[in-house]
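Residue-level structure breakdown
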Amino acid sequence: MTLRAKVGRLAAMTRRRGMLRQAFERLGPKSRCAVETPCADNRLLEETVRERTAALEAANAKLSSSLEQLHATQTQLLFADRLIALGRIAAGVGHEINNPLAFILSNLEYIHQELQQKERLSEQDRQEILEALAETRDGAERIRLIVRDLQTLSRAEDVGSGPAELAAVVRTAAKMAMHELRHRARLVVECDGVPPVQGNGSRLGQVFLNLLLNAAQSISPGNAEGNEVRVVARPGEPGHVLVEVRDTGCGIAPEHRERIFDPFFTTKPLGVGTGLGLAVCHGIVTSLGGTLTMESTPGRGSVFRVSLPVAGAFVQSPRSQADWT
């Protein structure tokens, strides 16, 4: 290549460099930064991701707090309904306590007078005093059992979920509801011979107390011999026990059946029902892995069916379940 050609080539390259420099300057500072530092977009993306992550973490913390408040409110609602049920039976429980308390006081007064008036007791007097003391002890034991049943039902805290003796739970609820049932219907309980169920005795007692009180209030007082509330426990689906609470009351109208388990729905007069009882019962049973269903015929009564899982250690094979029947 000649010297002249080399000089021409160098001049052309210089012109191209000048043109590139001018074009680069026309791009402006932001564009030059983008050309010079292609990682700027990555930094912007990372910053956006960090902002979104922080927002998601804040939303998650708020959701967790709301969930904790919901659980706390649910626990308070369960206990409130339990207290409402206790309030409904308060008058009857007072009557149940007053009866044994009356003859306890009467017998103690009799014993006190006998011991004061007689220095030496004949065999007959001694026997009468011993009988009075035995009656006094029986009355005190009756009061102790009533108080124990009330403590079991009114316990605010949950003591976990484990094997619960269904027959004992139903008998306790039946004693608590007896004052409502006594003048309305005969109570028949057939719950023996079934295995323990998975659940909490206090909460299950709340379920059956509500069902028994509702059954009682569906029957007008005055014809106890002509009406019946029957509680029967028997094998249900495999691994479950089915409990039926059946009454001969007024029944439930068809238009109300779909809403019977809705919170605050009630057909009772203002001030008589809160509409929480059946909703709470449904929540308790489903939380234990069971089901609560209802059938009713207006004028002929209702039946509520509670299906509960058998406690894990007591689950039997299909062949063993067949032996129950």
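Quick note: structure is the one above.
Below: a short report on this structure. Everything quoted here is computed from the prediction, not taken from an experiment.

Examining the overall build of the chain
From N to C terminus, the chain includes 9 helices and 7 strands. A fraction of 73% describes how many contacts in the chain between residues 6 or more apart in sequence connect residues 24 or more apart. On the chain, roughly 20,200 Å² of surface is accessible, and the fraction owed to carbon and sulfur atoms is 56%.

Thoughts on the pattern of salt bridges
For side chains bearing opposite charge, pairing can occur when the charged atoms are close. Summed over all chains, the structure comprises 10 salt bridges. For the salt bridge of aspartate 192 with arginine 171, the shortest nitrogen-to-oxygen distance reads 3.4 Å. Of this pair, aspartate 192 sits in the loop between β2 (186–190) and β3 (197–199) while arginine 171 sits in helix α5 (residues 166–181), and the two are 21 residues apart along the sequence. By relative accessible area, aspartate 192 is classed as exposed at 61%. By relative accessible area, which is 43% here, arginine 171 ends up partly exposed.

Here's the deal with the sheet that holds strand β6 (residues 291–297)
Pairing is mixed in the open sheet, where 5 strands are placed in the order β2-β4-β5-β7-β6. Each edge of the open sheet is held by one strand with a lone partner, namely β2 and β6. Looking at each pair of strands side by side, their axes are set apart by 10° on average, direction ignored. Here β6 runs beside strand β7 (residues 301–309); their pairing, made up of 7 bridges, is antiparallel. Opposite threonine 293, over in β7, you have arginine 305 as the bridge partner. Along the sheet, α5 contacts β2, β4 (228–235), β5 (240–247) and β7; its crossing angle with β2, the most-contacted strand, is approximately 180°. Sitting on the sheet, helix α6 (residues 201–217) is in contact with β2, β4, β5 and β7, with an inclination near 25° to β5.

Concerning a nonpolar patch on the surface
Among the surface-exposed residues, Leu101, Leu105 and Leu108 lie close enough to one another that they form a single nonpolar patch of about 260 Å² accessible area. Position of leucine 105 relative to the elements: it lies in helix α3 (residues 40–117).

Focus on the packing of α5 against α6
One way to put it is that α5 packs onto α6 with a least axis distance of 8 Å and a crossing angle of 35°. Considering only the axes of α5 and α6, their crossing is right-handed. Taking contact as the criterion, the partners of Leu166, Val169, Val170, Ala173, Ala174, Met176, Ala177, Glu180 and Leu181 in α5 are, on α6, Gly201, Leu204, Gly205, Phe208, Leu209, Leu212, Leu213, Ala216 and Gln217. Of the residues that constitute the contact of α5 with α6, the class distribution is 14 nonpolar, 3 polar and 1 charged.

Considerations on the nonpolar core
Leu166, Phe208, Leu211, Leu212, Val241, Val243 and Val306 are the most contacted members of the largest nonpolar core, which totals 44 residues. The contacts of leucine 212, once residues within four sequence positions are left out, are Ala173, Ala174, Ala177, Leu181, Leu187, Val229, Val231 and Val245.

Observations regarding the pairing of β7
Looking along a regular strand, one sees the side chains alternate between the two faces of the sheet. With 9 of its 9 residues buried, β7 lies for the most part within the structure. Neither face of β7 is left uncovered, since the one carrying Gly301, Val303, Arg305, Ser307 and Pro309 and the one carrying Ser302, Phe304, Val306 and Leu308 both have all their residues buried. Examined bridge by bridge, β5 and β7 share 7 bridges and lie antiparallel to one another. The residue bridging valine 243 from the neighbouring strand is valine 306, located in β7.

Considering α6
With 17 residues, α6 extends 24 Å between its outermost C-alpha atoms, agreeing within 8% with the 24 Å of an ideal straight helix rising 1.5 Å per residue. For α6, a buried count of 15 out of 17 residues is recorded, marking the element as mostly surrounded by other parts of the structure.

Notes on a negative patch on the surface
Among the surface-exposed residues, Glu128, Glu131, Glu135 and Asp138 lie close enough to one another that they form a single negatively charged patch. Topologically, glutamate 128 is positioned in helix α4 (residues 123–154). Judged by relative accessible area, which is 31%, glutamate 128 ranks as partly exposed.

A word on the environment of valine 310
Within the element layout of this structure, valine 310 appears in the loop between β7 and α9 (318–324). Assessed through its relative accessible area of 6%, valine 310 is described here as buried. A sequence separation of 111 residues divides valine 310 from glycine 199, and the C-alpha atoms of the two residues are 9.0 Å apart.

Conventions adopted
- Residues numbered from 1 in each chain as written.
- Predicted model: local features only at pLDDT ≥ 70, side-chain atom pairs only at ≥ 80, totals over all residues.
- Heavy atoms only, no water.
- Helix = DSSP H or I, 4+ residues; strand = E, 2+ residues; numbered from the N terminus.
- Contact = heavy atoms within 4.5 Å.
- Areas by Shrake-Rupley, 256 points an atom, 1.4 Å probe, with all protein chains shown as cover.
- Salt bridge = Lys/Arg side-chain N within 4 Å of Asp/Glu carboxyl O.
- Buried < 20%, exposed > 50% of the residue type's maximum accessible area, 1.4 Å probe, protein only.
- Pairing = 2+ DSSP bridges.
- Axes fitted to C-alpha atoms, helices over the stretch in contact; angles between N-to-C directions.
- Patch = residues over 30% accessible without salt bridge, like charges linked within 9 Å, V, L, I, M, F, W, Y side chains within 5 Å.
- Left-handed = near helix turned anticlockwise from the far one by under 90°.
- Nonpolar A, V, L, I, M, F, W, Y, C, P; charged D, E, K, R; others polar.
- Core = buried A, V, L, I, M, F, W, Y, C linked by side-chain atoms within 4.5 Å.
- Expected span 1.5 Å × (residues − 1).
- Lys, Arg positive; Asp, Glu negative; His and termini not counted.
- Charge placed at Lys NZ, Arg CZ, Asp CG, Glu CD.

It is worth stressing that arrangement in space is one thing and function is another; only the former is reported here.
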